[in-house]
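# A structural walkthrough
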2 protein chains.
Amino acid sequence: MARTQAADYDRRRDEIVSKAARLYAEHGFLGASVSDLAAACDVSKSAIYHYYVSKEDILFDVMRAHIAALEDAAAEAIATSSNPEAQLRALAHGFMSIYGADADRHTVLLNDLDHLPAAKRDEIVRIQRGLIGTMEGILTALEPGLKDRPGAPRAAAMLFYGMINWTHTWFNQNGVVTTCMLADMAADMTLGGLAAVAGRAA
Amino acid sequence: MARTQAADYDRRRDEIVSKAARLYAEHGFLGASVSDLAAACDVSKSAIYHYYVSKEDILFDVMRAHIAALEDAAAEAIATSSNPEAQLRALAHGFMSIYGADADRHTVLLNDLDHLPAAKRDEIVRIQRGLIGTMEGILTALEPGLKDRPGAPRAAAMLFYGMINWTHTWFNQNGVVTTCMLADMAADMTLGGLAAVAGRAA
DNA sequence: CCTACCGATCGGTAGG
DNA sequence: CCTACCGATCGGTAGG
């Protein structure tokens, strides 16, 4: 069965990428060696190079599926409604859900993008720019007055992403705060400030 | 003059730390070698080890003055007023001003804390915990209702720090947006949401 | 895919 | 005997 070999090949690559995500998230791309990765996968270092031609190629695969998922979530959030408040809430929930499920990959994306070769890094950066533009569109639809201040739409979009992206440094999967609650809080703070966050109190 | 030697010693250490901040910010702690640092300082690698016993000690000095400056700015913001809104604005401006002035050190603090030996890392983390506690105090003073939601004060504090800390990834010293404007925007968004940000439009 | 290696470079230290 | 370094090289390990 030729299909079995191909399926096994893909399964092995998936395991390498997923173990790499774990190691890179914990020690950084430069702090985790290919030997470490091989040991984590219980294979030889050469076996890793049978599936990937370079360490950077593994890093790219760690990031690629994650950024694609974010791109899809953003498109879905925009398509769900024409109401910018609903779009903001949908995007916040979609992103935080992915951040929670793919925490390692998200950490790697945020910490080690600069260790990609330029061509591959540019591919990721292009998608990130699109996500920033999407958020600028939502926020200026919510508050057209932002456009009267040079740089404000971009800055507001980055402050929003700061709130949700920064969660990877402190969010605890086993804590009382859920990704869903954080999505609500970030959206509420953007829409109405801290009072809106507190207004959710029982 | 015995004083001249000591003064020169301190000046040399300062130059090493400042060049290290630049290199570590750009390439990461592991991505910048002691040889790179020696070359940047135009001295031999052995000269670096005359002033510092290890690479990690240099990293610690890069972070130490920066986190101390943040600690001072937070204490000053609290002391300036008993009004929590004024305290929030003062802290936001104080921090963003330091982030702009010490951009390299801030990047290193946020990216390479895990590369410090445990004892030194704990010293920094202890100060960071204090800064988080300070922000929790300000935010719960602003909105006592936060305390009715388990985890909300801590989460709100981290969302605020996310907004201002994340700026190190995108803020451009030569752009139209200033650190002062970002401090206002982060404080406004926390206090009243996006509408408050847009309300500043001319 | 493994064992056995390479060119180079790592953080750190020797003698002078 | 000290300081402030230098050229050369240490034992190990990186990616390949």
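Since the structure is predicted, the reported quantities are computational estimates derived from the model, not experimental observations. (Residues numbered from 1 in each chain as written. Chains lettered and ligands numbered in written order. Predicted model: local features only at pLDDT ≥ 70, side-chain atom pairs only at ≥ 80, totals over all residues. Heavy atoms only, no water.)

Helices and strands together make up the secondary structure of chain A, namely ten helices and zero strands. The order of helices and strands in chain A, counted from the N terminus, is α-α-α-α-α-α-α-α-α-α. Here the C-alpha coordinates of chain A stretch approximately 55 × 40 × 35 Å along the principal axes. Counting only residues that meet the buried cut, chain A has 47% of its 202 residues in that class. Intrachain contacts of chain A at a sequence separation of at least 6 include 66% that bridge at least 24 residues. Summed over all atoms, the accessible surface of chain A reaches about 9,200 Å², with 50% contributed by carbon and sulfur. With 19 positive and 25 negative side-chain charges, chain A shows a spacing of 3 Å between the two charge centroids. (Helix = DSSP H or I, 4+ residues; strand = E, 2+ residues; numbered from the N terminus. Buried < 20%, exposed > 50% of the residue type's maximum accessible area, 1.4 Å probe, protein only. Contact = heavy atoms within 4.5 Å. Areas by Shrake-Rupley, 256 points an atom, 1.4 Å probe, with all protein chains shown as cover. Lys, Arg positive; Asp, Glu negative; His and termini not counted. Charge placed at Lys NZ, Arg CZ, Asp CG, Glu CD.)

All names here are of chain B. Taken N-terminus to C-terminus, the directions of helix H5 (residues 84-101) and helix H8 (residues 152-165) make an angle of 35°; their axes are 10 Å apart at the nearest point. H8 is crossed by H5, and the crossing has right-handed handedness. In contact with Leu88, Leu91, Ala92, Phe95, Met96 and Tyr99 of H5, H8 contributes Phe160, Tyr161, Ile164 and Asn165. Taken together, the residues that form the contact of H5 with H8 break down as nine nonpolar, one polar and no charged. (Axes fitted to C-alpha atoms, helices over the stretch in contact; angles between N-to-C directions. Left-handed = near helix turned anticlockwise from the far one by under 90°. Nonpolar A, V, L, I, M, F, W, Y, C, P; charged D, E, K, R; others polar.)

What follows deals with the packing of aromatic side chains. The description of an aromatic ring pair rests on the distance of the ring centres and on the angle between the ring planes. If you walk through the whole model with that rule in mind, you get nine aromatic pairs over all chains. Look at tyrosine 9 of chain B and tyrosine 51 of chain B: their rings are 5.1 Å apart centre to centre, the planes differ by 45°, and that puts the pair in the tilted class. Here the residue tyrosine 9 of chain B occupies a position in helix H1 (residues 2-27), and tyrosine 51 of chain B occupies one in helix H3 (residues 45-51), the gap between them amounting to 42 residues. Exposure remark for tyrosine 51 of chain B: the relative accessible area of 15% places this residue in the buried category. Each residue in the set Phe95, Tyr99, Phe160 and Tyr161 of chain A is aromatic and connected to the rest through ring pairs, giving one cluster. Across the ring face of tyrosine 52 of chain B, the terminal group of arginine 13 of chain B is positioned such that the distance to the ring centre comes to 4.1 Å. (Phe/Tyr/Trp six-rings, centres within 6.5 Å; stacked < 30°, edge-to-face > 60°. Lys NZ or Arg CZ within 6 Å of the ring centre and 35° of its normal.)

Right, let's get into the protein's contact with DNA strand C. Looking at DNA strand C, there are 16 residues lining it, with Ser44 and Tyr51 of chain A together with Lys45, Ser46 and Lys55 of chain B nearest. Arginine 12 of chain A is positioned with one of its side-chain polar atoms (N or O) 3.0 Å from a phosphate oxygen of DNA strand C. Contact between DNA strand C and tyrosine 49 of chain B: a phosphate oxygen at 2.8 Å from a side-chain N or O atom of the residue. Listed by contribution, the elements that provide at least two residues to the surface near DNA strand C are helix H3 (45-51) of chain A together with H3 and helix H4 (55-80) of chain B. At four residues, H3 of chain A tops the list of elements feeding residues into the surface near DNA strand C. Among the residues forming the surface near DNA strand C, the class breakdown is six nonpolar, six polar and four charged. (Near = heavy atom within 4 Å. Polar contact = N/O pair within 3.5 Å; in protein donor to acceptor, adjacent residues only side chain to side chain.)

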